[in-house]
Structure formats: structure tokens, C-alpha cells
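Given next are the chains, with one letter for each unit.
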Amino acid sequence: MAEAVIVAAARTPIGRAFKGSLTTVRPDDLAAGVVRAALDQVPVLDPTTIDDLYLGCAEPWGEHGFNMARVVSVLLGLDEVPGATINRFCASSVQTTRQAFHAIKAGEGDVFVSAGVECVSRYADFAGAGQSRSEWQNPRFADALARTAETAATNRTWTDPREQGGLPDVYVAMGQTAENVATAYGISRQRQDEWGVTSQNRAEAAIAAGVFEREIAPVTLADGTVVSTDDGPRAGVTLEKVSQLQPVFREDGTVTAGNCCPLNDGAAALVVMSDTRAKDLGLTPLARIVSTGVSALSPEIMGLGPIEASRRALTNAGLAMEDMDLYEINEAFAVQVLGSADALGMDYDKLNVHGGAIALGHPFGSTGARISTTLINALRTRDGQFGLETMCVGGGQGMAMVIERLS
């Protein structure tokens, strides 16, 4: 059976939504640019032989709509390459990699692009006709929505609504899920702030060492400006400064702008190939996809999704956490990183060693492929073999993937 290997990986700089460096760039153009950058790393590959292009996007409407994956193929002049846009919210471009992995294992193709994009700056009015998002919600969740509002107002400890015979709130705001994890699992504001500072400080050190230059594909704007660095990382972040920030989601809450990710614009892409095709082309793969795992839990504590997903991915790989040289948990919120890492028994010195989304940013649909790119880079930098990437997913899911560095 063929193995699925990653032969190229690239990401754009990550811009801050609405006020950052990439606000003028359409998502389809940004995605096309980063796919081109990844393909340029494999000049011996005839791109017309790509079996499929999978593109992750968490909100595939407006400029992100019209099956953007197919739009990207056509923008690149690859009329022969089909495309599918995939939505698993924050894990959309882990799912695209998983689909490429499965297709290769099934013998249904040899060359795939796994990419993702999200440009929050380009979101249009959600409903397009003056309607609010709430008008699209299923009325069967009305009681759950009301209960979420009450919990948020009183900052009470989260309890599982299923135990009282009710539905969980599938539409719950992500910030409220973070506060639920904090109250239910006793994760303090100080621990969250400390991790937020760690993320920023590690990103600052990585930038100084030129680590991200090896993974970022610069973006040229319409006016000729070249963007080559992330907007988010801040130099000199201290616990004293972060501890002064006010809670964002609950009056007496713990989640602040200093311990959660911002809103962002960005894209990333991988070229995934069978090991046999890579050998035929004389390529040395960057990494092998060993296994994946997906899981689900109450939407109201979705931040803990990495726990079971990681366990499943490790079981599927026949490996243990102790076998992992490095791991990446997407930092949607510090509290969910801490809760997941604690439960999994992770070594914090191996976790998000170059900073995570609190510093770098989280352009939803692209984050899975971005983390893969960053993890491969980190394994090469630190001469590691196995890496785990995992993330929580809106709606109450988790996803994880194990990779093995090959070069």
C-alpha cells in the first residue's frame, strides 16, 4: 500500500483582520498564490497531473463561495484539475490533508493539493439582506441559546445540559466555550495569561532566528508592496502587561485579548503525493502522514476536542505521546490549550515551540495546513522525527494528525 507524503509546504504571512496587511486581498487570489508557491517547490511535477485540489474554508460564502477550490484551479490555469471546498470549521485544512491521505491509501490518486484559506476582512454581511445570523438558527435550539446567555451573564460553572435532558448550544460563541472550560475545569486567569505570554515570547524568538522565513511565501499586493511577515507577534510582551487586560466575553471572565487568538487573514498549502510517485520524480519528501483522528464532544466545551482526537490519531499510528518529539495545539484560546495538554500529559517544552495562534493568528480555514507547515519546519529545525498537530473545532469537534519527518 502506498504511503502519503508531503513534498511541499508553504503559508502566507498572517494578517490581522480589518486593519492588517492583507485586507485588500481576495481569498481566492490569496489561496491561488500560496498554492502556486507550494507547486513551485516541486518544479518536476506536471501540475496538470494533480488528481484533485482540496481547499479548506470555515465560512464558504460571499467571496469565499462558489466552490473556491475550483476557482483557484482556474485562476492558476489548471483547467484539468478538479477542486472541492471543504468545511470542518477550524480543522478544514486538516480535513483536506486527511482526504488526500485517504485517497492515496485507497489507490485513487497519486498527487493532491491540500490547502486552506480564510480572509475574515473580506466577510460580507452574513445573510446579505439585512437579516441577522440568529434568524438562520434552528428554533429547536432556542432553550439552549437562552441558557447560554444566562450562563454568560452570571459566569456560573458549566454543567452538561444533556444531564438535565436539554440540548447543548450548537451555536454557542467560541469565547463562551472557552469560559465554560475555565469554570468547569478550574483553569485560572493567571495560567491563561502565562501561556499567552509564552506564545508571544516564543514567536518573537523564532522571528529573530529567521525560523518563519523558511515557511512563509511572501504576498505582493496590488500596489507592489511585498508582505513577508506576520502581523500578530508582539515584541516584549510581559505577564504584567497582559494581566491588566479586561475580559472580553464575560464581565467576571478570564478570557482576554492577551490569551486568545485574534481574527485573521491567511492561506497555506501542501502538496501531498504517494511515496511511489515521489520516488518516480526523484523527490525527497518532507514528511509522511502517519495517521489522523477525529472526535466530537459537547459544543459548549469544544475547546477540549484535541484530547480524544489526539488519542485516536496516536492509537491509529501505533504510537504514544512519549514518541512525539513536538506537538502543536491550535491556540484558539489559552484555556483550551492548557486543558487539552494537561489531559494528554504533554510536555510544555515540546508544545508550540515557535509560538501559536495567540501570537501568529488563526485564519480559520487555513490553520490546519499552516500548522502542518510550521510543525514540519520545527521538526527540521530541532531534528525531531514525529510530530502531532491537533485542534479544537467549532460545533464541538476535535481533529489530530501524526506526521513523521523524512528530510
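Described in the following lines is the structure provided in the data block.

Quick notes on the rules
- Residues numbered from 1 in each chain as written.
- Predicted model: local features only at pLDDT ≥ 70, side-chain atom pairs only at ≥ 80, totals over all residues.
- Heavy atoms only, no water.
- Helix = DSSP H or I, 4+ residues; strand = E, 2+ residues; numbered from the N terminus.
- Buried < 20%, exposed > 50% of the residue type's maximum accessible area, 1.4 Å probe, protein only.
- Contact = heavy atoms within 4.5 Å.
- Areas by Shrake-Rupley, 256 points an atom, 1.4 Å probe, with all protein chains shown as cover.
- Lys, Arg positive; Asp, Glu negative; His and termini not counted.
- Charge placed at Lys NZ, Arg CZ, Asp CG, Glu CD.
- Expected span 1.5 Å × (residues − 1).
- Core = buried A, V, L, I, M, F, W, Y, C linked by side-chain atoms within 4.5 Å.
- Salt bridge = Lys/Arg side-chain N within 4 Å of Asp/Glu carboxyl O.
- Disulfide = S-S within 2.5 Å.

## Focus on the overall build of the protein
Argument step 1. A count of helices and strands for the protein gives twelve helices and twelve strands.
Argument step 2. For the protein, the spread of C-alpha atoms along the principal axes amounts to about 60 × 50 × 45 Å.
Argument step 3. Looking at the protein residue by residue over its 407 residues, the buried ones come to 57%.
Argument step 4. Taking the intrachain contacts of the protein between residues at least 6 apart in sequence as the baseline, contacts between residues at least 24 apart amount to 80%.
Argument step 5. Counting only carbon and sulfur atoms, one obtains 50% of the accessible surface of the protein, whose full area is about 15,900 Å².
Argument step 6. Separation between the mean location of the 32 positive side-chain charges and that of the 49 negative ones in the protein comes to 2 Å.

## Some thoughts on the side chain of Thr97
Argument step 1. Tracing the chain through its elements places Thr97 in helix H3 (residues 92-105).
Argument step 2. Discounting chain neighbours no more than four positions away, the residues touching Thr97 are Ser114, Leu270, Ile289 and Met401.

## Notes on helix H6 (residues 189-208)
Argument step 1. Taking 1.5 Å as the rise per residue, H6 with 20 residues should run 28 Å; its terminal C-alpha atoms sit 29 Å apart, in good agreement.
Argument step 2. On its buried face, H6 is in contact with helix H5 (174-185), helix H7 (239-242), helix H10 (334-344) and helix H11 (357-360).
Argument step 3. Downstream of H6 by one or two residues, Gly210 has phi in the positive range, about 75°.

## Let's talk about the nonpolar core
Argument step 1. Formed by 39 residues in total, the largest nonpolar core has its most connected members in Val35, Leu55 and Val72.
Argument step 2. Broken down by secondary-structure element, the contributors of at least two residues to this core are strand S1 (4-11), helix H1 (27-40), strand S3 (52-56), helix H2 (68-75), strand S5 (111-119) and strand S8 (264-274).
Argument step 3. Considering every element that reaches this core, the biggest residue donor is H1, with seven residues.
Argument step 4. For Val72, the residues in contact, after removing those within four places along its chain, are Asp28, Ala31, Ala32, Val35, Leu53 and Leu55.
Argument step 5. Ala313, Ala317, Tyr327 and Ile358 belong to the second-largest nonpolar core, a separate cluster that totals 37 residues.

## What about the pattern of salt bridges?
Argument step 1. Using the criterion set out here, one finds 16 salt bridges in the structure.
Argument step 2. The salt bridge involving Arg156 is made with Glu150; its shortest N-O contact spans 3.3 Å.
Argument step 3. Given the relative accessible area of 34%, Arg156 is considered partly exposed.
Argument step 4. Across the salt bridge formed by Arg312 and Glu308, the nearest N and O atoms sit 3.0 Å from each other. Placement of both Arg312 and Glu308 in helix H9 (residues 305-317) is noted, with a separation of four residues, approximately one turn of the helix.
Argument step 5. In this structure Glu308 comes out as partly exposed when scored by relative accessible area, which is 32%.

## What to know about the environment of Pro306
Argument step 1. Turning to its location among the elements, Pro306 is positioned in helix H9.
Argument step 2. For Pro306, a relative accessible area of 0% corresponds to the buried category.
Argument step 3. Along the primary structure Pro306 and Val337 are separated by 31 residues, whereas in three dimensions their C-alpha atoms are 8.6 Å apart.
Argument step 4. Residue contacts for Pro306: discarding those within four places in its chain leaves Ile329, Gln336, Ser340, Leu344, Thr390, Met391, Cys392 and Gly398.

## Focus on the state of the cysteines
Argument step 1. All told, the structure shown has zero disulfides when counted by the stated rule.
Argument step 2. For Cys57, which is in no disulfide, the shortest distance to another cysteine sulfur is to Cys119 and amounts to 8.8 Å.
Argument step 3. Here Cys90 stays unpaired: no disulfide links it, and the sulfur of Cys392, its closest cysteine neighbor, is 6.0 Å away.

## Some thoughts on unusual backbone geometry
Argument step 1. With a phi angle near 45°, Asn67 is a residue other than glycine that sits in the positive phi range.
Argument step 2. The phi dihedral of Asn352 is positive, around 50°, even though this residue is not glycine.
Argument step 3. Take Asn352: it is sitting in the loop between H10 and H11.
Argument step 4. Owing to a relative accessible area of 0%, Asn352 belongs among the buried residues under this scheme.

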